[in-house]
Amino acid sequence: MHFDAPTLDAWLTHLELAHPVQIDMGLDRVSQVRDALKLSPNFPVIIIGGTNGKGSTCTMLSAAYKAAGFKVGTYTSPHLLHYNERIAIDLRPVDDAAIVTAFRAIEAARGEISLSYFEFGTLAAMVHFMSQGVDVAILEVGLGGRLDAVNAFEPDVSAVVSVDLDHQSYLGNTREAIGFEKAGIFRAGKPAFCADPQPPQSLIDHARQIGADLQLIGQDFGYTNETTQWRWRGRQGQKPGLPFPALRGAYQLGNASLVLAILDALHQRLPVGIGDIKRGLLEVELAGRYQVLPGRPSIVLDVAHNPHAAAALAQNLMNQGFFQSTQAVFGIMADKDIKAVVDLLKEHIDVWHVAAPAIARAAPAAQLAELIVASGAKGRVQTYDSIADAYAAARLAAGENDRIAAFGSFYTVAEVLALKPR
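Residues numbered from 1 in each chain as written. Predicted model: local features only at pLDDT ≥ 70, side-chain atom pairs only at ≥ 80, totals over all residues. Heavy atoms only, no water.

(A) Inspection of helix α10 (residues 274-283) at higher detail. Within α10 the residues assigned to the buried category are I277, G280 and L281. Projection of α10 onto a plane perpendicular to its axis shows the buried side chains occupying an angular sector of 95°, all on one side. (Buried < 20%, exposed > 50% of the residue type's maximum accessible area, 1.4 Å probe, protein only. Helix = DSSP H or I, 4+ residues; strand = E, 2+ residues; numbered from the N terminus. Arc of directions from axis to C-beta.)

(B) Main features of the environment of K239. Within the secondary structure layout, K239 lies in strand β11 (residues 237-242). The residues touching K239, leaving out its near neighbours within four places in the chain, are W230, R231, W232, L260, D264, I274 and I277. (Contact = heavy atoms within 4.5 Å.)

(C) Here's a closer look at the packing of aromatic side chains. Within this structure, the stated rule accounts for 13 aromatic pairs. On the basis of an interplanar angle of 85° and a centroid distance of 5.8 Å, the ring pair of Y83 and Y117 is categorised as edge-to-face. With Y83 in the loop between β2 (72-75) and β3 (87-89) and Y117 in helix α5 (residues 117-132), the pair connects residues that are 34 residues apart, well separated along the chain. A ring pair is formed by Y223 and W230, whose centres lie 6.4 Å apart and whose planes are at 85°; its orientation type is edge-to-face. Taken together, F3, W11, Y83, F103, Y117 and F120 form an aromatic cluster joined through their ring pairs. (Phe/Tyr/Trp six-rings, centres within 6.5 Å; stacked < 30°, edge-to-face > 60°.)

(D) Representation of the sheet that holds strand β10 (residues 230-234). With antiparallel pairing, three strands are arranged side by side in an open sheet as β9-β10-β11. This sheet does not close on itself; its edge strands, each paired only once, are β9 (222-225) and β11. Put simply, the sheet's adjacent strands are angled 15° from each other on average, direction ignored. One ladder, built from four bridges, connects β10 with β11; its direction is antiparallel. Paired with G234 across the two strands is G237, which belongs to β11. Each of β9, β10 and β11 touches helix α9 (residues 252-265); the most contacted strand, β10, lies at about 45° to it. The sheet strands contacting α10 are β10 and β11, and the helix crosses β11 at an angle near 50°. (Pairing = 2+ DSSP bridges. Axes fitted to C-alpha atoms, helices over the stretch in contact; angles between N-to-C directions.)

(E) Spatial organisation of the pattern of salt bridges. Using the criterion set out here, one finds 17 salt bridges in the structure. Residues R146 and E181 are paired through a salt bridge, measuring 3.1 Å at the closest nitrogen-oxygen approach. Highlighted residues: R146 in the loop between β5 (136-140) and β6 (157-160) and E181 in helix α7 (residues 175-182), separated in sequence by 35 residues. For R146, a relative accessible area of 32% gives the class partly exposed. Judged by relative accessible area, E181 falls into the buried class, the value being 12%. (Salt bridge = Lys/Arg side-chain N within 4 Å of Asp/Glu carboxyl O.)

(F) Local environment of the side chain of S116. Within the secondary structure layout, S116 lies in the loop between α4 (96-109) and α5. Among residues more than four places away in sequence, those in contact with S116 are H19 and Q22.

So, in structure tokens, the structure goes:
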């Protein structure tokens with residue numbers, strides 16, 4: 001008996017429980033339902049993978065195509081406040097009714113095939129993109145690449161933004177193992193990009209073995225920071241005088257460089273002018289990625305949840321300038337490398353306000369406090385029953401010359417954002 005419901009909330013509640021396990025890697029199920037739905041897009045498909053930087057890259061790429069007048073479908077995950085954020089047309093989340101319509105089509109087509117929450121969402125995105133006749137679809141990998149549901153679609157261009165340790169229980173315990181999984185989105189004869197400055201050999205070898213047109217940052221494309229602007233270089237030449245991306249963080253230049261390389265690769269089918277590129281870079285917005293809210297005290301929101309992202313956050317906090325104190329609001333999932341995240345950030349935090357986000361996978365506040373103390377962190381540590389309580393305490397403690405940094409998980413940032421922190 002197949003499910004139906006009039007509301008998106010009811011569908012999402014059902015999908016969270018319908019499949020035996022939350023994360024179920026593999027392409028067989030999703031590919032069968034893809035074929036039943038006849039999902040064979042005639043527009044270019046771009047797949048973006050990587051440990052960190054996927055969301056920023058997808059958003060900058062979408063902004064550039066939108067500025068050029070193309071209708072852009074973007075599928076990203078996870079969401080912060082509303083599921084609809086995952087499926088966007090021209091960077092605007094689609095409405096509940098559109099997602100429910102797509103879910104109903106998938107439910108009717110799947111027969112006896114059980115699909116995970118993420119597989120349903122991935123198929124729903126493509127159902128909607130095809131129904132709306134987008135000019136290009138940009139799909140963000142959820143986990144890994146080779147066995148991720150988005151890889152059921154054939155990309156015209158694939159890109160791996162970065163490779164580092166995360167989700168080791170699914171992807172392997174080394175950068176080489178993880179690099180191979182992420183390289184699974186590459187295709188024979190198609191442009192394949194890697195913006196990690198030290199790409200794993202496994203990624204390079206896989207691209208060569210299948211005959212992908214691999215382009216590496218620092219070799220085939222790259223950038224030069226010229227203080228007040230930056231210059232991009234690629235196979236087709238250079239683009240000087242570029243504005244810095246509106247997204248904060250020095251690492252965003254690497255992401256932006258990758259975006260320009262992808263635009264270059266698809267230029268014949270989707271021409272984007274230099275003015276559109278500049279406009280896209282200047283207008284791009286993405287919540288929770290080193291997001292600094294205006295006003296005092298300074299409030300920084302960052303979804304940093306693994307060592308690679310924590311190192312970037314530490315660098316950004318250091319570059320932000322002087323603050324009398326930094327109050328951290330910290331909550332993270334229990335399966336993350338919490339010790340490494342704390343070690344990377346402990347020199348930049350004066351007071352830790354720790355709590356568990358409202359999800360079963362979250363590390364308990366007491367465990368976080370114990371790890372922070374054991375790390376030798378200089379900052380005081382206080383525990384709370386909720387992220388809301390931790391944020392309220394940080395807000396109370398922070399003066400106008402102080403800084404609050406909320407980080408550790410998408411869930412942590414989402415709960416702070418739900419409080420409307422300004």
